[in-house]
Amino acid sequence: MKILDVFAYSFSAIKLRKLRAALTTLGVVIGIAAIVALLSITQGLQATITDQLERGLAADTLIVIPGSSALGGGAGEGGGFGGGEGFGGGSTRALLYINYTSQINSLSPNIVTSLAVIQKSGYIQNGSGITRPVTSIVGVDFAQFANAFPTTFVAASGSIPTNPADNDIVVGARVSYPRLNGTLFVQAGQDVTLIWTNNTVIPFVNETYTAHISAVLDRIGGFGLGGPSDTSVYMPLSQAEKFFGTDEADMIIVKLKSSDLDVVNSTSTTITNYFGNQVSVISATAVQSLLSTIFSTVSLFLGGIAAISLLVAGIGIMNIMIVSLIERTREIGILKALGMKSRTVLHIFLTESIIIGLMGAIIGIASGWVLANVVALFLGRGGIIGSALTITPILRPEVMLGALGFGVGISVIFALYPAWRASKLKPVEALRYE
Amino acid sequence: MSMALVVEAVDLKKTYMLGKIPVEALRGVSLKVEKGDFLSVLGPSGSGKSTLLNLIGALDKPTEGKLLIDGVDVSTLSDNQLADLRRKIGFVFQFFNLIPRFTARDNVELSMSIVGKSKAERRKRAEELLEIVGLKDRMDHKPAELSGGQQQRVAIARALANDPRFLLMDEPTGNIDSKTAKEIISLIKNLNEKGVTIIMVTHDQHLAREAKRTVQMFDGVISSDVVN
Ligand SMILES: Nc1ncnc2c1ncn2[C@@H]1O[C@H](COP(=O)(O)OP(=O)(O)OP(=O)(O)O)[C@@H](O)[C@H]1O
Ligand SMILES: [Mg+2]
């Protein structure tokens, strides 16, 4: 029998029981849609986070922070991933000092330069006396910082002074207009008060000083992992030393000659070893590989759950195939009496399941995609994750093909047994069946 | 010499097991059918007529004995080879056995589609055959929209579609009024005159006399075999 004729025959059998076929297909649709929706959302989320990471930390920079945990000393006072003077590594914690930069510079020819950063969380008060928290008040050498992050430490208004006066500061975009709706909290040229709660003395003291905003940064987005961030305030390093009363660095940013994975990894190791494993070196690459591990685990887990629903659909297919086999016993007898081979009977039944699986998978992929976009829209509206992250679902071709293959595969696997039974029917017995 | 023999049965036995009780449907049947022959098989209900026809039609295998079809021993054939053999045999069942969801034309085409003939060829041949059996204006009707006699004629057209070596008919007129039965028998005789070998099971003495040879069965054996 010709393939096209097998197909036409199978299709005529499906058409006979439209509702039943539709319901079975629906099972596949639900399973595939769930898988596609979950995967395209997690992959979209991963892409968003990776993108944010890349904006927050250049690929050719390393962040050295005190402490020896995997990603660094945990979220310290400084906020963000950067760690700070907070808790964290406990007894294994070494201190980093501002003047370590010259030692680091001489560690490897791959290092272009390194710069020390002091960062504490604090508050900013504008001319009308309104106070808002800022993620961090960062002490850093403006010229070096601009050199290390040439695309993000860039003024949108005012200008970043190369030789700043003690009271010159630069603020992130969202410090200037926190609500993103045009209402300005502070702007370049204004004087503001910076406030830091000194908790190294008892009782705690609120240290303040009046600063002059010389520049507002361009909007960056991202997490501010070491690099410039939208929600921080930047002051000259020397001023930070005085203001915070310390010569400890909360992190040292190391600029490399290249973003080559080998260079990144070997320099990381060199630095970690130099400090006797008492520091952590963070690189965008390392964070990304950790994240992608997390994401693939999550995807696998969610996909696995969705796959179970597809198994249920498979059992549904098996069920109707067996019903259909029983209903059509006599028909199979006729086909065999007319000289149809067992193999062709098998093909006819499998083709029926392939048609159902294929239709289910195609409709499932489409509806999963729609579902993913609806969910992303909901999340993007500030639902769960907040407006900082917008997810654009991603449907990769291999996911699409995989879903198609999986849908059809499950359908065929579960149809194998009924199809095999149909093919093994003896013509006389099948013809006698009432 | 055996080349002209389409069917050669030697001491065929068929025993069905009803649970643990053996039912001997055939108890030693020997029969030779030559090319171009027209046999009618008579006998009371339960005498083993359908059982014999099923064996000759390669739908079932004998418990004992030898059955040669076209000189080939059926017991040596694989499932696949049996299917190939069935393609050379036209079988008309006692109860039509048409596919209900197919039109008359599609039912006739089905046997040709099974052997892999092209759509165009199938269509042409199906329409020819339906015209021969007098159903030219009923080709697009489904079995449920046809009378018993019309369904039987569709079944005959289907059996003839692949130019079978021989035609096996199990009570082709069993469920049909005598007028339609006469039409069908003249159709069958016509086919036989054109050289188709025919074995026809029937209850009807009158119809049996239309054949060239009458085989009488009784209780699983052939009790008489006469040339009319
Ligand atoms: N599948 C089966 N299982 C058990 N017994 C069977 C089976 N098929 C036939 N028989 C028995 O074999 C005997 C012969 O049956 P068969 O159908 O050949 O009779 P028949 O001559 O065609 O009768 P009828 O004229 O009523 O069609 C009967 O006694 C019947 O009960
Ligand atoms: Mg019978």
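This structure is a prediction, so every number in the text was calculated from the model and none was measured.

Section: the overall build of chain A
Right, so step 1: Of regular secondary structure, chain A possesses 12 helices and 10 strands.
Right, so step 2: Taking the contacts inside chain A whose residues are at least 6 apart along the sequence as the reference set, 78% of them involve residues at least 24 apart.
Right, so step 3: For chain A, the computed accessible surface area is about 19,400 Å², with 62% contributed by carbon and sulfur atoms.

Considering the site of ligand 1
Right, so step 1: Around ligand 1 sit 15 residues in total, of which Ser45, Gly46, Lys49, Ser50 and Thr51 of chain B are the nearest.
Right, so step 2: Surrounding ligand 1 is a set of residues that belongs to chains A and B.
Right, so step 3: Contact distances for ligand 1 include 2.7 Å between an oxygen atom and a side-chain N or O atom of Lys49 of chain B.
Right, so step 4: Side-chain polar atom of Thr51 of chain B to an oxygen atom of ligand 1: 2.5 Å apart, as the coordinates give it.
Right, so step 5: Elements supplying a minimum of two residues to the shell around ligand 1: β1 (5-18) and α1 (49-56) of chain B.
Right, so step 6: Per element, the largest residue contribution to the shell around ligand 1 is 3 residues, and it comes from α1 of chain B.

Topic: the domain arrangement of chain A
Right, so step 1: We note that the domain assignment places domain 1 (3-53 + 289-432) and domain 2 (121-137 + 147-237) within chain A.
Right, so step 2: Distance between the C-alpha centres of domain 1 of chain A and domain 2 of chain A: 54 Å.

Structural notes on the pattern of salt bridges
Right, so step 1: A complete count under the given rule lists 29 salt bridges over all chains for this structure.
Right, so step 2: The residue Arg87 of chain B makes a salt bridge to Asp84 of chain B at a minimum N-O spacing of 3.9 Å.
Right, so step 3: Exposure remark for Asp84 of chain B: the relative accessible area of 34% places this residue in the partly exposed category.
Right, so step 4: Through salt bridges with shared partners, a single ionic network connects Asp5 of chain A together with Glu109, Lys119 and Arg122 of chain B.

Side note on the environment of Gly57 of chain B
All names here are of chain B.
Right, so step 1: As for its position among the elements, Gly57 is in the loop between α1 and β4 (64-69).
Right, so step 2: For Gly57, a relative accessible area of 2% puts it in the buried group.
Right, so step 3: Residues Gly57 and Asp204, 147 residues apart in the sequence, show an inter-C-alpha distance of 22 Å.
Right, so step 4: Excluding residues within four positions of it along the chain, Gly57 makes contact with Arg86, Ile89, Phe91 and Leu168.

Some details on the pairing of strand β1 (residues 61-66) of chain A
Regular strands place their side chains on alternate faces of the sheet.
Residue and element names in this part refer to chain A.
Right, so step 1: For β1, the tally of buried residues reaches 6 of 6 residues, placing the bulk of the element in the interior.
Right, so step 2: Here β1 shows two buried faces, one formed by Thr61, Ile63 and Ile65 and the other by Leu62, Val64 and Pro66.
Right, so step 3: Here β1 pairs with strand β9 (residues 251-256) via 4 bridges, running antiparallel. Looking at β9, one finds that Leu62 is bridged to Val254.
Right, so step 4: Alignment of β1 against strand β10 (residues 279-283), held across 5 bridges, turns out to be antiparallel. Residue pairing for β10: Ile65 is matched across the bridge by Ser280.

Observations regarding the interface of chain A and chain B
Right, so step 1: In this assembly, 23 residues from chain A lie in contact with 25 residues from chain B.
Right, so step 2: With both chains or domains summed, chain A and chain B bury close to 2,200 Å², and 56% of this area falls on carbon and sulfur atoms.
Right, so step 3: When the area that chain A buries against chain B is broken down by residue, the three leading residues are Leu338, Lys341 and Val428 of chain A, summing to 27%.
Right, so step 4: Our count for the chain A to chain B interface comes out at 3 salt bridges.
Right, so step 5: Between Arg122 of chain B and Asp5 of chain A there is a salt bridge, and its shortest N-O distance comes to 2.7 Å.
Right, so step 6: Here chain A is connected to chain B by 11 residue pairs in polar contact (both at pLDDT 80 or more).
Right, so step 7: In terms of residues, the side of chain A that touches chain B owes the most to one element, helix α9 (residues 329-337) of chain A, which gives 6 residues.
Right, so step 8: Partitioned by chemical class, the residues of the side of chain A that touches chain B number 12 nonpolar, 3 polar and 8 charged.

Description of the packing of helix α4 (residues 119-132) of chain B against helix α5 (residues 148-160) of chain B
All names here are of chain B.
Right, so step 1: Close contact between α4 and α5 brings their axes to 9 Å; oriented N to C, the two are set at 135 degrees. Of the possible angle classes, the one that applies to α4 and α5 is oblique. The chirality of how α4 crosses α5 is right-handed. Touching Arg125, Leu129 and Leu130 of α4 are Val154, Ala157 and Leu160, all from α5.

Overview of the packing of α5 of chain B against helix α6 (residues 178-193) of chain B
Residues and elements named next belong to chain B.
Right, so step 1: Close contact between α5 and α6 brings their axes to 10 Å; oriented N to C, the two are set at 10 degrees. By the angle between their axes, α5 is roughly parallel relative to α6. Along this stretch, α5 crosses α6, giving a crossing that reads as right-handed. Contacts from Gly149, Gln152, Arg153, Ile156 and Leu160 of α5 reach α6 at Thr180, Glu183, Ile184, Leu187 and Leu191.
Right, so step 2: Here the contact of α5 with α6 is composed, by residue class, of 5 nonpolar, 3 polar and 2 charged.

Examining the packing of aromatic side chains
Right, so step 1: Per the counting criterion, the structure on display carries 16 aromatic pairs over all chains.
Right, so step 2: A centroid spacing of 4.7 Å and a plane angle of 20 degrees characterise the contact between Phe91 of chain B and Phe93 of chain B, whose relative ring orientation is stacked.
Right, so step 3: Residue Phe93 of chain B is classed as buried on the basis of its relative accessible area of 6%.
Right, so step 4: Among the aromatic residues, those joined into a ring-pair cluster are Phe142, Phe145, Phe149, Phe153 and Tyr234 of chain A.
Right, so step 5: The ring centre of Phe185 of chain A lies 5.8 Å from the NZ or CZ of Arg132 of chain A, which sits over that ring.

Brief notes about unusual backbone geometry
Right, so step 1: Cis geometry is adopted by the peptide bond preceding Pro203 of chain A, which originates at Ile202 of chain A and carries an omega value of -5 degrees.
Right, so step 2: The residue Pro203 of chain A is located in the loop between β6 (191-198) and β7 (205-217) in this model.
Right, so step 3: Positive phi is not limited to glycine here, since Asn277 of chain A has a value of about 60 degrees.
Right, so step 4: Relative to the helices and strands, Asn277 of chain A resides in the loop between α7 (261-274) and β10.
Right, so step 5: With a relative accessible area of 46%, Asn277 of chain A lands in the partly exposed category.
Right, so step 6: Backbone geometry places Asp219 of chain B, a non-glycine residue, at a positive phi of 50 degrees.
Right, so step 7: Structurally, Asp219 of chain B is set in the loop between β9 (213-218) and β10 (221-227).

Quick notes on the rules
Residues numbered from 1 in each chain as written. Chains lettered and ligands numbered in written order. Predicted model: local features only at pLDDT ≥ 70, side-chain atom pairs only at ≥ 80, totals over all residues. Heavy atoms only, no water. Helix = DSSP H or I, 4+ residues; strand = E, 2+ residues; numbered from the N terminus. Contact = heavy atoms within 4.5 Å. Areas by Shrake-Rupley, 256 points an atom, 1.4 Å probe, with all protein chains shown as cover. Near = heavy atom within 4 Å. Polar contact = N/O pair within 3.5 Å; in protein donor to acceptor, adjacent residues only side chain to side chain. Domains from an automatic or database assignment. Salt bridge = Lys/Arg side-chain N within 4 Å of Asp/Glu carboxyl O. Buried < 20%, exposed > 50% of the residue type's maximum accessible area, 1.4 Å probe, protein only. Pairing = 2+ DSSP bridges. Buried area = accessible area lost by both parts, 1.4 Å probe. Nonpolar A, V, L, I, M, F, W, Y, C, P; charged D, E, K, R; others polar. Axes fitted to C-alpha atoms, helices over the stretch in contact; angles between N-to-C directions. Parallel < 35°, antiparallel > 145°, perpendicular 65-115°, else oblique. Left-handed = near helix turned anticlockwise from the far one by under 90°. Phe/Tyr/Trp six-rings, centres within 6.5 Å; stacked < 30°, edge-to-face > 60°. Lys NZ or Arg CZ within 6 Å of the ring centre and 35° of its normal.

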